[in-house]
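Chain by chain, the residues:
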Amino acid sequence: MSIFDFADNEALGSVISVDTAAATIRVDDLDRLKRLQVNRLVVLQSSKPGQHLIGVVVRITRKPDNRDLDEAELSDVELIPNENNLVKITLIGTLLDKVGEEENVFRRTLETVPEIDANCFSLEGERLTNFMQVISNVKTDGPKLSLGNFTLDDEAVAYLNGNKLFQRHAVIVGSTGSGKSWTTARLLDQIAELPQANVVLFDIHGEYRPLKSEAFKHLRIAGPSDIENKRGLDDGVLHLPYWLLGYEALVSMFVDRSDQNAPNQSMIMTRTIVDAKKGTLDPVKHKEILENFTIDSPVPFDINAVLQNLKELDEEMVPGARGEKQGPYHGKLSRLIGRLEAKRHDRRLAFLFQPPNECMDMEWLERMVHAISTGRGAQVGNEGGIKIIDFSEVPSDVLPLMVSLLAQIVFSTSLWTKSDQRHPIAIMCDEAHLYIPERMNADSSDAVAVEIFERIAKEGRKYGIGLVVISQRPSEVNRTVLSQCNNVVAMRLTNGDDQSVIKRLLPDSLGSFGDLLPVLDIGEALVVGDASLLPTRVRIAEPKMKPDSQTVAFWDRWNDAEPKSDTPNSIRSWRRQSMN
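Now for a quick tour of the structure. Since this is a predicted model, take the numbers as computed values, not measurements.

Glycine aside, the phi torsion of most residues is negative, and most peptide linkages are trans. Located in the positive-phi region is Lys230, a residue other than glycine, with phi close to 55°. Non-glycine residue Glu431 carries a positive phi angle of around 50°. By relative accessible area, Glu431 is classed as buried at 7%.

This is the structure:
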């Protein structure tokens, strides 16, 4: 049964002009014209039975009667002014009453265009809600994904297709204070209701600490105080030991590419690390690992042994024709050794170079990966399907490397899991412009991070990995990654460069919707993409648990009677490099 049961007397007006993907409607009833709004959805009669065309209002025009009237006409009391009340419609799809066994199927195609004098109806209220459920393919059973209600019709709930939202990747953008964190928290609210939810959220500033329930697990990258108190995975503290780093990450961290000895340093470092990793493996117990071993194999090794080996090569003297002479690498590894020692003793990087003893066991990696990459049902006590990882204590110069390292671990785990045992996971990247930048230096840690996220964006879908990019500066996020995001949730954007990036992500026929970006209200979003076939302006509903990202009311705070200050503790935390 069709969801559209319009009567002719409900018509907004009739078609007077048709183009390839547009139509013009004449509206005779002035009251109905006044109620109509730009960007509202409308329904037009199709020339084919069992079909309705869907359009969006892009322009409303009221032109007064400009006819010249003679005296006779002026005296005619029955004369009705001929106002040209016009509405321009962009056609965006077709609703078919039945396709095979399926009823009410929406397609983003136009098999026909409306005929002249075809009726046009405004889509609102219950009909709008029913239609949005159709285009989002929302089933009646099981939980539904809803971000909020439509701005133009508060009674209509805006549903999204949860499968397509994560299968095709998504981007959530908006200027600071526009409601990105609120929207993310609302999305997490919906995910938290699912018994097998599986999400990893990279929390760069600790905004999502207040989100707590059985569905959430909070982990933080270890800070200096955690090293002192020997906190580990059981305490919610995550270490990322150096032996997890791949070849490219190791080179970007330790080798200065501008050094004329950089090629030698990279080669020798590779050789010494491979030898150190092989030295920790038992020839019998780990025979299969050794047979397929590479430098990227995640095997613990002693970095002190590597450093000692490098020093010996740097100082090596070999026999010559007239006594001893300098070895082939004598003095050529000094800068590599200096950088490695500086990093190793940097307390900011203690989570990387001073891991607890448990992190040096082969079994630790399995525990860590299970904690961050498995769904709620597989976690201890069926709790913690949404893993929020706090990076607030990680130094900014290594942030891209560390975030991408965790993303690489998630990707590699899914890659090497049998397809019938693979459980889908979504990676949500808050403040993505900080570690997936558009502009970067070659061979830098940024380049390593971007390469990893580009691969996830391009190939993740095949391995059950969805990507959600969250940023206040989309113009500074890598374009390749953004281009793979087929769902856009755009809050208010005031910067012209940021607006241009989002407009390029919109379909050509919906380009005019980009003009809404600077005038969206706080907490309002433009939702476009595969998860919702129609462009929708949505008022984001209040999340159950709010992130710690509220905008500070400067003027009101400055007007408070009581002062507020905590300088001693602030300095103490600054010196300790930890707020715990």
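Moving on from the coordinates now.
A few words on the pattern of salt bridges. Following the criterion strictly, the structure yields 27 salt bridges and no others. With a shortest N-O distance of 3.1 Å, Arg168 and Asp530 are connected by a salt bridge. Placement of the pair is Arg168 in the loop between helix H4 (162–167) and strand E10 (170–173) and Asp530 in the loop between strand E20 (524–529) and strand E21 (532–540), with a sequence separation of 362 residues. With a relative accessible area of 22%, Asp530 lands in the partly exposed category. For Glu228, the salt bridge is made with Arg347, and the minimal N-O distance between the two is 2.9 Å. One end of the pair, Glu228, is in helix H6 (residues 224–228); the other, Arg347, is in the loop between helix H11 (334–344) and helix H12 (350–353), and 119 residues separate them in sequence. The partly exposed category is assigned to Arg347, whose relative accessible area is 41%.

Turning to the layout of surface pockets, a few remarks are in order. Quantified by volume, the largest pocket comes out at close to 1,200 Å³. Taken together, 31 residues form the lining of the largest pocket, with Asp296, Pro298, Gln408, Ser412 and Trp416 sitting closest to its centre. If you list the elements that add at least two residues to the lining of the largest pocket, you get helix H7 (247–254), helix H13 (362–373), helix H14 (399–415) and helix H15 (445–459). By residue number, the principal contributor to the lining of the largest pocket is H14, which donates nine residues. Taken together, the residues of the lining of the largest pocket break down into 18 nonpolar, eight polar and five charged.

In this structure, Phe131, Phe202, Ile389, Phe391, Met402, Leu406 and Phe453 are the most contacted members of the largest nonpolar core, which totals 156 residues. Take this core: its biggest share by element is 10 residues, from H14. Among residues more than four places away in sequence, those in contact with Phe131 are Ile3, Phe4, Leu41, Ile54, Leu95, Phe106, Leu123 and Leu534. By size, the runner-up hydrophobic cluster in this structure holds 16 residues, among which are Ile25, Leu33, Val87 and Ala118.

Note on placement: Gly174 falls in the loop between E10 and helix H5 (180–192). Residues within four places of Gly174 in sequence aside, it is in contact with Lys180, Ser471, Gln472, Met491, Arg492 and Leu493.

Glancing now at the packing of H7 against helix H8 (residues 262–279). Taken N-terminus to C-terminus, the directions of H7 and H8 make an angle of 125°; their axes are 11 Å apart at the nearest point. Viewed along their axes, H7 and H8 adopt a mutual orientation that is oblique. Seen along the crossing, H7 lies across H8 with a hand that is right-handed. Contact residues: H7 offers Tyr247, Leu250, Val251 and Phe254, while H8 offers Ser266, Met269, Thr270 and Ile273.

Moving on, we get to empty space enclosed by the protein. Picture a little ball the size of a water molecule; that probe, rolled over the atoms, points out where space is still empty. Considering all chains together, one arrives at three cavities of 30 Å³ or more under this definition. By volume, the second largest cavity is sized at about 50 Å³. Leu147, Leu160, Leu165, Ala170, Ile172, Thr183, Leu187 and Val489 together form the lining of the second largest cavity. When contributions to the lining of the second largest cavity are tallied by element, the ones reaching two or more residues are E10 and H5. In terms of residue class, the lining of the second largest cavity is built from seven nonpolar, one polar and no charged.

This brings us to the packing of H7 against H11. At their nearest, the axes of H7 and H11 sit 9 Å apart, and the two run at 95° to each other. One way to sum up the angle between H7 and H11 is to call them roughly perpendicular. Residues Ser252, Met253 and Phe254 of H7 pack against Leu336, Arg339, Leu340 and Lys343 of H11. The residue makeup of the contact of H7 with H11, split by class, is four nonpolar, one polar and two charged.

Conventions used here
- Residues numbered from 1 in each chain as written.
- Predicted model: local features only at pLDDT ≥ 70, side-chain atom pairs only at ≥ 80, totals over all residues.
- Heavy atoms only, no water.
- Buried < 20%, exposed > 50% of the residue type's maximum accessible area, 1.4 Å probe, protein only.
- Salt bridge = Lys/Arg side-chain N within 4 Å of Asp/Glu carboxyl O.
- Helix = DSSP H or I, 4+ residues; strand = E, 2+ residues; numbered from the N terminus.
- 1 Å grid on protein atoms, 1.4 Å probe; cavity = no way out; pocket = protein on both sides within 12 Å on 5 of 7 lines; lining within 4 Å.
- Points joined across faces, edges and corners; volume = space filled by probe spheres on them.
- Nonpolar A, V, L, I, M, F, W, Y, C, P; charged D, E, K, R; others polar.
- Core = buried A, V, L, I, M, F, W, Y, C linked by side-chain atoms within 4.5 Å.
- Contact = heavy atoms within 4.5 Å.
- Axes fitted to C-alpha atoms, helices over the stretch in contact; angles between N-to-C directions.
- Parallel < 35°, antiparallel > 145°, perpendicular 65-115°, else oblique.
- Left-handed = near helix turned anticlockwise from the far one by under 90°.

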